[in-house]
Each structure stands twice: as structure tokens, then as C-alpha cells.
Amino acid sequence: MGKVLVFAEQTNGKLKRSSIELLQAAAKSGNTVVAVTFGSHAGDVTAAIGHNGASEVHVVKDAALDSYNPESYTANVVAIVNKVQPSIILASASSTGKDLFPRVAARLNTGVASDCTQLTISGDNVTAVKPMYSGKAFATVNFENSPIKIVLMRANQLPVEAADTSKTASVVENPNAATDLKTLIKEIVKGASEKLDLTEANIIVSGGRGLKEAANFKMLNDLADVLGATVGATRAVVDAGWVGHGMQVGQTGKTVAPTLYIAVGISGAIQHLAGMGSSKVIVAINNDANAPIFQKATYGIVGDAFDIVPKLTEEFKKALHH
Amino acid sequence: MKIFVCIKQVPDTETKIKISPDQTGIDTAGIKWVMNPYDEYAVEEANKLRDANPGSQVWVLSAGPKARVVESLRTALAMGADEAIVINGEGLDNFSTAKALAEVIKAEGGMKIIFTGKLAIDDNASSVSQMMAEFLNVPHTTVVSKFAFNGENVTVERDVEGGAKEVVQMMTPAVVGANKGLNMPRYASLPGIMKAKKKVIKEIEFSSLNIPATDIKVKYSGMTLPADKPAVKMLSGDSSAQAAELVKLLRDEAKVL
Ligand SMILES: Cc1cc2nc3c(=O)[nH]c(=O)nc-3n(C[C@H](O)[C@H](O)[C@H](O)COP(=O)(O)OP(=O)(O)OC[C@H]3O[C@@H](n4cnc5c(N)ncnc54)[C@H](O)[C@@H]3O)c2cc1C
Ligand SMILES: Cc1cc2nc3c(=O)[nH]c(=O)nc-3n(C[C@H](O)[C@H](O)[C@H](O)COP(=O)(O)OP(=O)(O)OC[C@H]3O[C@@H](n4cnc5c(N)ncnc54)[C@H](O)[C@@H]3O)c2cc1C
């Protein structure tokens, strides 16, 4: 057995669910689990990292690492990898993970499998499955010539069990290894939404042109609030300027993998399906019984969104408050 | 100033995918190939930058089987790129592709900015831009929806989670991975198409780049098509009944609430 290094991400001192998935998967593999986390909040998540299966956690508590910088993060990850000598690295296919680890892989002269949806760890070996061609095929990724195997997993693909608060991790503090940066993060412009990002959301309520106009997204926001969901949209709606393009789901938008995807007034074009087709349960609400979205859906409702959605919101309110 | 653009040729999204008999790839017969959609934004931004900086040139670069990837290079030339290079070879992964692109860009010399797409819609990996930047020892930013160049540094906006944006400044040379929203790619003009037909595309054999076989780090196997979804369950009754039934099914049958 070897060591699995998990890149633990947090938002404002709270460990992300996607990182908990990875820690637990690594712990289940029987390998020694070591985690790494950066920034002034790093200390806030070390306990949770231990509860979820790591025996050691490396932190670089430098505020200079509060925001992601590809160069400084690469330098620090590589320094810790050299110390820990893992045989496997797991990270989320988040915007940070996807940007960082290809660069880390190139520096470590090793392979990276990005955007995976299944993970099999057996000893030092790992294989991963990833969707290709917009989810129209799945491939198993095998590592070759890779002293360290780096796998980037989509969120919500692995089970999460209750944390074991009796388990703790030893904390190793590291100095910031980065020098001479050619990249400068000048400003972070906060997003409009306080909700979870689409790529991490467990429930998504998404709207299409069937909603007729921007103001009607209020109806979807109300439903989403009751469900603790994030709101998404089609490109047609984004192009019409009803919502920002950060909300677009699809081939040229975000790839999402929630447990529940509610598609309202969405026809189900192939480019939209490309982004949401791997959702576990899909509900389609459309007034056209022949809309292609119904071929992908788990449950279908033929009807007027303006009639159905408010009723659904009421029903969910009742069901979730009992 | 030399501006490079890396473009990948990918199957059109509407194309039906069939798996090759050895399950390591797809059956390429009957596939309609197009320029990776994000690479169109990359080509457009490079053209705009060239137009704003007299004396500059846009070089487009693609790695893959020559016979077909030159099509996407011709499209880029028709959109206004000045020169094109094809790296001919088959069966590489993201690491060796990035290595090959970096080697060729280095050999051409004088690069200032290298545009790529944020990801290729076939492998969906978003890894080549960052790996190439590392091999070139230059900074990178991906998922870029706004770009500015002041003659020395570039300032870009990167889209991240929750609709947030990061404003990033990089010293050049730098790699910039284009996202949707960066610009509106121009169509190839008829004179552009005529001119592109006559252009000589420089050919480089992958085997001449001295990239060792150990630079292939990942291989695909066991490629499969998605399992058939069970048929949709259509709900009946009036809207109230449908809403109530849906909530019940999501809770008791699908168990997602
Ligand atoms: C290169 C490329 C990339 C693309 N990328 C994306 C992408 O990333 N994401 C994406 O979404 N699209 C993408 N598209 C666009 C895609 O092809 C479709 O045009 C788009 O998804 C359609 O959006 P829609 O379903 O909202 O609209 P429409 O196709 O117009 O569908 C609206 C639906 O609403 C229904 N409706 C109308 N009124 C009501 C009502 N009162 N109640 C209930 N239902 C109603 C209609 O029956 C219809 O089915 C891309 C296209 C191209 C060419
Ligand atoms: C000699 C050689 C032979 C190849 N043979 C094949 C083949 O037979 N079939 C096949 O499908 N692919 C082939 N490729 C391409 C290679 O497999 C992929 O490009 C690689 O796996 C990276 O793709 P990605 O989806 O991970 O790219 P991503 O990292 O998702 O792409 C991000 C960006 O990187 C750039 N980029 C990615 N790949 C290329 C490329 N090949 N050329 C130029 N820019 C690129 C683009 O700007 C793209 O938007 C070959 C490459 C080489 C060098």
C-alpha cells in the first residue's frame, strides 16, 4: 500500500463536499491518506479532514494563497508531493483542480486524468472512467509511465458517509514555496449568487426559453430556494441576456452532475444534454409532449410551466417541512 | 509580434459516436469534424490582437492525423490567420500533445501570446493549455472571457465558480485559454477561403520531435456507449396532481429528497 494525497478545497473555512468524497474514497482504499490545503483558513478544515479519513494534513497557512494562483499553487503542491511521495493524487475537477493539476503533472513528468466520474483504487493502482464526446461515450483511463497517478473527479460522483469525529489528522505546517511569480491575481469579482456553483450543486433547477422572459426566472429561484438548489439555464436564455453565462449548462456552458436536475421549458437540444445528461434523476416540464428532453428524462410532466412550477414549490415546501 | 493559436479538430457534437472494435477510441468513418468550438474564440482573439498591433502575425497549430486536421487549419486561415503548421501523428495523449505543441512553438521562436481553447469538447480534459505552458515555462490562465494586452503584460478575466471572476495579470509570453464570451468569432469570408486554399501549411512529423514514447502517460481502453436509460415515466392528472405525484416519486422511488 502507498500514499494517496488528497487536495482538499474549502470555501470560507468549510471543507467542500467534493473533497470529503475524495478523502473517504482514499481512506476506503486502504492506503495512507495525506491531505493538503492552503490559505489563511487552512487551519479551520484540518479537523474535518481528519474526521473524513486523512492521517496527516499539510497546510501552508499563508494569506498569499487565499486565492488561487496557478504558479504559486503548482510550486506548493509540488513541494509537498516531493515530501510526501504519494503514488496517487486525488483532486476535484473544480475550476481550481482542473487548472492546477495538468500543470503539476507536467512538472512531475506524470499523467493526469481529468473530469472523471468513476474511480477504482486498488493498492497503488488506479483506473478512472470519464465521459467523452459530450457524454456519448465512456472511456477507462489507464496510466502508463506515470510515477504518480493524478485523477480529477467531478463532484457528486462518490458516496459520502457520516464523518468519524474520533479520527484526527496530524498537522504539518509548510512554508510558502512559491517565488518569482509571473502571474498576479489583481482582483476577485464576487459572483451574484450565494448558492453553490452549478458544478457542485446536488440539485439544479434549470430554465429554458419556455420561461418567456427574464423576470420569470423568479419562479425558478423560488423553487430552488425551497430545494436548496442552484439555478441553471440554456444557452438560448443566456444569449437572450436573461441570465449571466455563468449559469449556462451544456457543451459551451458547464458540465453538471447533480442527483436531481429539473428542466423547465427546455427543449433538450443535444448541446444542452451534453452538459446535464449524466444527472442521476432528470425531471422535464414542457408543454410539448414531443420535446426531445422527455427522451432523457426520468419523470416527465406535459404542461404549462407557469401552472406547474408554483404548485411544485408548494408541494416541496410541504414535503420538506414534515 | 508572433501570436500562436493551438487548435484541435473534434467531432461535431451532432455526430453519432460509434466505438472502434478494439474499444480504445471511436470509429472515425462518417464522422463530421469541426474546429473545437472554444478554439474559434482563440482564433478570433488572436486575429483581433494582430489587427491592433501592426506587424504581428497569427500562427495556427494543430496536432493529429495530417490528412484531416489540415481542414481545421484551413478554416483558421480562412478566418484570417496568417500561417499554419500541422504536427502529423496519431494516438497521443494530453501530455505528449502539449509537449509537441510546446516544442514546435519554441522552435518557431519569438512567441508573445499563445491562445488555446479552455477545453476540447471530445476528451473534455482541459489540460493541454496548462501542460504546454509548463513545458514552455510561461504563465497561463484558462477559462478566459476578457483579454487585454498593453504591449508588455496581459490582463485577463477568468470565470470561476459561482459566477465569480478573477482579474489576472501575466507577464508575456503567456498562454491564454479562451472561454465563451471572449468575443464573437468571425465567419470565414469568401476571399479568405480562396486565400486559405492556396496557403502552404508547414508539416512537421511528430516522430522528428524526439519526444520519447514514455511521454505518453494515459491511454483509453474499454470505451463504451452509455447504458440505455429506462423509459421516462410520464405523470398524469391536472397540474396539482402531477406536482404532488412528482414530489412523492422523488422522495419514495428515486430517493433524491
Ligand atoms: C456550437 C453550439 C453550442 C451550444 N451550446 C449550448 C449549451 O452549452 N447549452 C445549451 O443549452 N444550448 C447550447 N446550444 C444551443 C442549443 O442547440 C439550443 O438552441 C438550446 O439549448 C435551446 O434552448 P431552450 O431549450 O431554452 O430553447 P428552445 O429550444 O426554444 O425550447 C424551449 C422549450 O420550452 C417549451 N415551452 C414553451 N413554452 C412553455 C411553457 N409555457 N411551459 C413549458 N414549456 C414551454 C417548448 O415546448 C420548447 O421545448 C449550442 C448550440 C451550438 C450550435
Ligand atoms: C502526433 C499526434 C497525433 C495525434 N493523433 C490523434 C488521433 O489519432 N486522434 C485524436 O483524436 N487525437 C489525436 N491527437 C490529439 C491528442 O490526442 C489530443 O489533442 C490530446 O489528447 C489532448 O486533447 P484534450 O481533449 O485533452 O485537450 P484539452 O486539454 O481539453 O484542450 C484544450 C486546448 O488545447 C489545445 N489542443 C488540444 N489538443 C490539441 C491538438 N491536438 N492540437 C492543437 N491544439 C490542441 C486546444 O486549443 C484546446 O482547446 C494527436 C496528437 C498528436 C500530437
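A quick note: this is a predicted structure, and the numbers were derived from the prediction, not measured. (Residues numbered from 1 in each chain as written. Chains lettered and ligands numbered in written order. Predicted model: local features only at pLDDT ≥ 70, side-chain atom pairs only at ≥ 80, totals over all residues. Heavy atoms only, no water.)

Undergrad: Just checking my understanding: could you explain the site of ligand 1 for this structure?
TA: Residues and elements named next belong to chain A. Not every one of the 26 residues close to ligand 1 is listed here, only the nearest: Arg209, Thr234, Gln248, Thr252 and Ser267. A distance of 2.8 Å separates an oxygen atom of ligand 1 from a polar atom in the side chain of His272. In isolation ligand 1 offers 980 Å² of accessible surface; the protein chains occlude 77% of this area. Those elements that place two or more of their residues in the shell around ligand 1 are α6 (235-239), α7 (270-276) and α9 (305-320). Within the shell around ligand 1, the residues separate by chemical class into six nonpolar, 15 polar and five charged. (Near = heavy atom within 4 Å. Polar contact = N/O pair within 3.5 Å; in protein donor to acceptor, adjacent residues only side chain to side chain. Areas by Shrake-Rupley, 256 points an atom, 1.4 Å probe, with all protein chains shown as cover. Helix = DSSP H or I, 4+ residues; strand = E, 2+ residues; numbered from the N terminus. Nonpolar A, V, L, I, M, F, W, Y, C, P; charged D, E, K, R; others polar.)

Undergrad: For this particular structure, what's the right way to read the sheet that holds strand β5 (residues 56-60) of chain A?
TA: Note: strands within a sheet are paired through backbone hydrogen bonds, in either parallel or antiparallel orientation. Residue and element names in this part refer to chain A. Here we have seven strands laid out as an open sheet, ordered β7-β11-β6-β1-β4-β5-β12, and parallel in their pairing. Bordering the open sheet on either side are β7 (112-116) and β12 (170-173), each of which pairs with just one other strand. Going across the sheet, the axis of each strand differs from the next one's by a mean of 20°, ignoring polarity. Two elements, strand β1 (residues 3-7) and strand β6 (residues 88-92), share three bridges in a ladder whose sense is parallel. Bridging from a neighbouring strand, Val4 pairs with Ile88 of β6. (Pairing = 2+ DSSP bridges. Axes fitted to C-alpha atoms, helices over the stretch in contact; angles between N-to-C directions.)

Undergrad: Just checking my understanding: could you explain the site of ligand 2 for this structure?
TA: Residue and element names in this part refer to chain B. Taken together, 31 residues lie around ligand 2, and Cys6, Asp39, Gly89, Leu92 and Ala120 are the ones closest in. Within the backbone of Ala63, a nitrogen or oxygen atom sits 2.9 Å from a nitrogen atom of ligand 2. The separation between an oxygen atom of ligand 2 and a polar main-chain atom of Ala120 is 2.7 Å. Going through the elements one at a time, β4 (57-64), α3 (94-108), β6 (111-117) and α4 (128-136) are the ones with two or more residues in the shell around ligand 2. For the shell around ligand 2, the element with the most residues is β4, which contributes four residues. Each residue belonging to the shell around ligand 2 can be placed in one class, and the counts come to 12 nonpolar, 12 polar and seven charged.

Undergrad: I tried to follow the pattern of salt bridges on my own but got confused; where do I start?
TA: A pair can form between side chains of opposite charge whenever their charged atoms are brought close. Applying the stated criterion across every chain yields a total of 36 salt bridges over all chains. The salt bridge involving Glu21 of chain A is made with Arg17 of chain A; its shortest N-O contact spans 3.1 Å. Here Glu21 of chain A pairs with Arg17 of chain A, and both are found in helix α1 (residues 17-28), just four residues apart, close to one helical turn. The exposure class assigned to Glu21 of chain A is buried, which follows from its relative accessible area of 2%. Its relative accessible area of 38% is what places Arg17 of chain A among the partly exposed residues. Of the charged contacts, one joins Arg186 of chain B and Asp51 of chain B as a salt bridge, the two residues approaching to 3.8 Å between their closest N and O atoms. Here Arg186 of chain B is found in the loop between β10 (174-178) and α5 (190-198), whereas its partner Asp51 of chain B is found in helix α1 (residues 37-52), with 135 residues between them in sequence. (Salt bridge = Lys/Arg side-chain N within 4 Å of Asp/Glu carboxyl O. Buried < 20%, exposed > 50% of the residue type's maximum accessible area, 1.4 Å probe, protein only.)

Without other data, these values stay purely geometric and don't point to any function.
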